[in-house]
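# Architecture at a glance
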Amino acid sequence: MGTINLIAIDQEEFKASLIEGIKSEIKQATPTLKDELLTREQTAEVLKISLTTLWNWTKKNKIQSYGIGNKVYYKKSEIMNQLVKLNQTS
């Protein structure tokens, strides 16, 4: 079991410490939220493929898609990484 140390700090120091801790936790927990989401059309355009090919690649798990509501999106960073992989195998 952990140890709890009680120290006397004023209200402003406690507030600043708490805010800094929360900011740090949010920053660590949300790095992927900064990733741009692309629509199916944008993704197909970036990859220079048809929507049918994109659908096939998604079904074959070559590319990961993300559903939000009834829309399908792709993470731009993952698409760019996939482009690198495709170029290395060509």
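Below: a short report on this structure. Given the structure is predicted, the values throughout are model-derived calculations rather than measurements.

## Regarding the overall build of the protein chain
Looking only at helices and strands, the protein chain has four helices and three strands in total. Considering the protein chain as a whole, with its 90 residues, one finds that 14% of them fall into the buried category. A sequence separation of at least 24 residues applies to 47% of the contacts in the protein chain between residues at least 6 apart. For the protein chain, the exposed surface amounts to about 7,700 Å²; the carbon and sulfur share of it is 55%.

## Describing helix α3 (residues 51-59)
For α3, the set of buried residues is L54, W57 and T58. End-on view of α3: buried residues confined to an arc of 100 degrees, all on one side of the axis. Across α3 from its buried face, at more than 90 degrees, point the exposed residues T52 and K59. Once α3 finishes, N61 follows within two positions and takes phi at roughly 60 degrees, a positive value.

## Description of the pattern of salt bridges
Enumeration according to the criterion identifies one salt bridge in this entry. Note that E36 is salt-bridged to K76, the shortest N-O span being 3.7 Å. Residue E36 is found in the loop between α1 (11-29) and β1 (37-39), and its partner K76 is found in helix α4 (residues 76-89); the two are separated by 40 residues along the sequence. Note on E36: relative accessible area 42%, which makes it partly exposed. Take K76: its relative accessible area is 34%, and that puts it in the partly exposed class.

About the cut-offs
- Residues numbered from 1 in each chain as written.
- Predicted model: local features only at pLDDT ≥ 70, side-chain atom pairs only at ≥ 80, totals over all residues.
- Heavy atoms only, no water.
- Helix = DSSP H or I, 4+ residues; strand = E, 2+ residues; numbered from the N terminus.
- Buried < 20%, exposed > 50% of the residue type's maximum accessible area, 1.4 Å probe, protein only.
- Contact = heavy atoms within 4.5 Å.
- Areas by Shrake-Rupley, 256 points an atom, 1.4 Å probe, with all protein chains shown as cover.
- Arc of directions from axis to C-beta.
- Salt bridge = Lys/Arg side-chain N within 4 Å of Asp/Glu carboxyl O.

As far as function goes, none of this settles anything; it's purely spatial.
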